[in-house]
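Coordinate analysis (summary)
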Amino acid sequence: MKRAGEPAWLGIDLGTQGCRAAAVDGTGRLLGSARRELVSDRPAPGRHEQDPAMWISAVSAATYEVVSRLERHTVAGVAVCGTSGSFAMTDRAGRLLAPALMYDDARASAEFPIVAATWAACGERNAYRVQPTWALPKVLWMFRNVAGAAGGRLYHAADFIASWLAGERVATDTSHALKTGYDLVGGSWPGAEFATAGIDTAVLPAVVRPGTVVGRVAAGAAGSTGLPAGTRILAGMTDGCAAQLASGAMHPGDWNSSLGTTLTLKGVSSGLLHDRAGALYSHAHPDSGWLPGGASNSGAGVLTRTFPGADLAQMDRAAAAYAPTTVVRYPISSPGERFPFVRPDAEPFLLGTPHEDAENFAALLQGVAFVERLCLRYVEALGADVTGAVIFTGGATASDHWTQLRADVLGRPASVPRHADSAFGMAIMAAAAVGQVTEACNRMVHVEKTLEPRPERTERYLDVYRRMVDELERRGYIDAPFAAAGRS
């Protein structure tokens, strides 16, 4: 038997396209990681399913690869994150009743108005609205359409894996439970509202704070994962919150701006922010306070849609010659925006004429940065503290030019952490004690680089940025008070 070594902490990220496992030591040094692919089934338009048996296979393989390569360390704790709103249903004996429904499955259109109406008061209390693709309306769909679901058991994707590791059903966490309708403020499942909608809370798991020990790795899972039997299993958070942990943005006033295909802004607030427009909602901070956030339809995805097949790195270099350009682009690739304003009918727009593709590309880069600045102004207008650290994560940080441009547009320093993926965030969670996640982040998250804004560039960008804000107001996408705040 392998002798116990120094403690390591394992994070598992069960994403849509793959599962990643990462092991770190107590200082945040990455000891190893591995990934396995996942595939989805889309049996009809608007439907998105996965086989939970595939989740187990992917988790087993990725975890075994990481654990088997640890030489001087022994895993002492594991935490799991999944996509927010993905879940599976089993019967009381643990047999799957149907494929898992994924976060973006939109089959519950008939059930959505029912749960939205019955849950409205709870939503007002928790400062968010149920959305059509959230888990809650799909639970009611399951009750109505899947035999045995009304008397079964619900597992969020992360719960399913944690329960498999433990060999028994374990509690979920407040983060994964949010889109299933958990009352974060009240601290319970809203039984009366659910009963009115026709949902029996008996199918739902117990709910605990992230970082709570919910079980220990059983012998069966130990054999297939390489984890020591008895290893602590800690309640995790959703993949988006896990990525925020990895960024280190856990203090009041901190904001993590993750720029990949889309732009997501997540921060920390001492008080619950109420946004009647519905662009922003909050998870509960694992220590205390709240984690407000929103996701824009703007982002790097507009680059590939506008320039399919192009060498984006080469375009990025060419665009630097035009920074800043006076050409204004609102950078969404298709109609509809959800943050920093909610307008399904919003259209991308262009003001001015690019001289060539490089200038058009430059206008898109700075347009995304303008949206980022406007998002910060929006949360500030809601009463959020935005005076803390700004931390950039996501695939766009690979571009030094774009990252510097974003700092210039914001007019404030921004940092890029060394590791910023969700599996790393769950490794931090596994290492933290309850109520001490921020302390673990302080100890384990390390800055790779810091970008200082160039004041002369900031002033030049702001002139163009204000033209974009003016046009958003002119089109009626934002109102006059927000436009005034946005221009500041």
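We now turn to the structure provided with this report. Because the structure is predicted, anything quoted here is derived from the model rather than measured.

A few words now on empty space enclosed by the protein. Applying the stated criterion across every chain yields a total of one cavity of 30 Å³ or more. Considering only enclosed or pocket space, the largest cavity measures out at about 70 Å³ in volume. Lining the largest cavity are 13 residues, with Ala-158, Asp-159, Ala-162, Ala-235 and Gly-236 sitting closest to its centre. For the lining of the largest cavity, the secondary-structure elements that each account for two or more residues are helix H5 (157–166), strand S9 (172–173) and strand S12 (232–234). Here the element with the most residues in the lining of the largest cavity is H5; it accounts for three residues.

Before going further, it helps to examine the sheet that holds strand S1 (residues 6–14). Either a parallel or an antiparallel arrangement is found when strands of a sheet pair, and the pairing is made through backbone hydrogen bonds. If you trace the six strands from one edge of the open sheet to the other, you get S3-S2-S1-S5-S12-S11, paired in mixed fashion. A single partner strand is all that each edge strand has here, and the edge strands are strand S3 (30–37) and strand S11 (213–216). Between one strand axis and the next, the sheet turns by 20 degrees as a mean value, whatever way the strands run. Of the strand pairs in this sheet, S1 and strand S5 (residues 73–82) are connected by nine bridges, and their pairing is parallel. Note that in S5 the partner of Gly-11 across the bridge is Ala-79. Across the face of the sheet, H5 comes into contact with S1, S5, S11 and S12 while running at roughly 145 degrees to S5.

What follows is about the packing of aromatic side chains. Applying the stated criterion across every chain yields a total of 15 aromatic pairs. Centre to centre, the rings of Tyr-128 and Tyr-281 are 6.1 Å apart; their planes meet at 55 degrees, and the pair counts as tilted. With Tyr-128 in the loop between helix H3 (120–126) and helix H4 (135–145) and Tyr-281 in strand S15 (residues 281–284), this pair connects stretches of sequence that are 153 residues apart. Under the relative-accessibility criterion, Tyr-128 is labelled buried at 4%. Classification of Tyr-281 as partly exposed rests on a relative accessible area of 22%. Plain terms: the ring middles of Tyr-155 and Phe-160 are 6.0 Å apart, the flat faces sit at 85 degrees to each other, and that makes the pair edge-to-face. Phe-160 sits in the buried class, given a relative accessible area of 12%. Among the aromatic residues, those joined into a ring-pair cluster are Trp-119, Tyr-128, Trp-134 and Tyr-281. Between the NZ or CZ atom of Arg-169 and the centre of the ring of Tyr-155, over which it lies, the distance is 5.3 Å. Sitting over the face of the ring of Tyr-465, Arg-373 holds its NZ or CZ atom 5.3 Å from the ring centroid.

Here we come to the pairing of S3. Pairing between strand S2 (residues 18–24) and S3: seven bridges, direction antiparallel. Following the sheet pairing, Ala-22 is matched in S3 by Ser-33. Between S2 and S3, which pair antiparallel in sequence order, lie five residues; one of them, Gly-28, sits at a positive phi of approximately 90 degrees.

Among all residues save glycine, negative phi is the norm, and among peptide bonds the norm is trans. A cis geometry characterises the amide bond from Ala-323 onward to Pro-324, with omega recorded as -5 degrees. Note that the residue after Phe-339, namely Pro-340, is joined by a cis bond; omega there is 15 degrees. Counting through the fold element by element, Pro-340 comes out in the loop between strand S17 (328–330) and strand S18 (349–351). The phi dihedral of Ala-127 is positive, around 65 degrees, even though this residue is not glycine. Secondary-structure assignment places Ala-127 in the loop between H3 and H4.

The next point concerns the pairing of S2. Judged by how many residues are buried, S2 sits mostly within the fold: six of seven residues are covered. Strand direction decides the pairing type here: S1 and S2, joined by six bridges, are antiparallel. Of the residues in S2, the one forming a bridge with Gly-11 is Ala-22. Where S1 hands over to S2, the hairpin turn is made up of three residues, counted between the paired strands.

A word on the environment of Lys-449. Tracing the sequence through the fold places Lys-449 in strand S21 (residues 447–451). Exposure remark for Lys-449: the relative accessible area of 26% places this residue in the partly exposed category. The spatial distance from the C-alpha of Lys-449 to the C-alpha of Asp-105 is 38 Å, given a sequence separation of 344 residues. Other than its neighbours up to four places away in sequence, Lys-449 contacts Thr-397, Asp-400, Ala-414, Ser-415 and Val-416.

You can see Glu-337 is positioned in the loop between S17 and S18. Reaching out from Glu-337, the side chain makes a polar contact with the backbone nitrogen of Phe-339 at a distance of 3.5 Å. Among residues more than four places away in sequence, those in contact with Glu-337 are Ser-296, Asn-297, Ser-298, Tyr-330, Ile-332, Val-342, Arg-343, Pro-344 and Ala-346.

Enumeration over the complete set of coordinates arrives at 24 salt bridges. Its salt-bridge partner being Arg-35, residue Glu-37 comes within 2.3 Å of it at the nearest N-O pair. Residue Glu-372 is joined to Arg-406 by a salt bridge in which the shortest nitrogen-to-oxygen separation is 2.7 Å. Taken together, the positions of Glu-372 in helix H12 (residues 357–381) and Arg-406 in helix H13 (residues 400–410) put the pair 34 residues apart, joining distant regions of the chain. Each of Arg-36, Glu-65 and Arg-69 takes part in a single network of salt bridges with overlapping partners.

About the cut-offs
- Residues numbered from 1 in each chain as written.
- Predicted model: local features only at pLDDT ≥ 70, side-chain atom pairs only at ≥ 80, totals over all residues.
- Heavy atoms only, no water.
- 1 Å grid on protein atoms, 1.4 Å probe; cavity = no way out; pocket = protein on both sides within 12 Å on 5 of 7 lines; lining within 4 Å.
- Points joined across faces, edges and corners; volume = space filled by probe spheres on them.
- Helix = DSSP H or I, 4+ residues; strand = E, 2+ residues; numbered from the N terminus.
- Pairing = 2+ DSSP bridges.
- Axes fitted to C-alpha atoms, helices over the stretch in contact; angles between N-to-C directions.
- Contact = heavy atoms within 4.5 Å.
- Phe/Tyr/Trp six-rings, centres within 6.5 Å; stacked < 30°, edge-to-face > 60°.
- Buried < 20%, exposed > 50% of the residue type's maximum accessible area, 1.4 Å probe, protein only.
- Lys NZ or Arg CZ within 6 Å of the ring centre and 35° of its normal.
- Polar contact = N/O pair within 3.5 Å; in protein donor to acceptor, adjacent residues only side chain to side chain.
- Salt bridge = Lys/Arg side-chain N within 4 Å of Asp/Glu carboxyl O.

No statement about biological role is implied by the geometric values presented.
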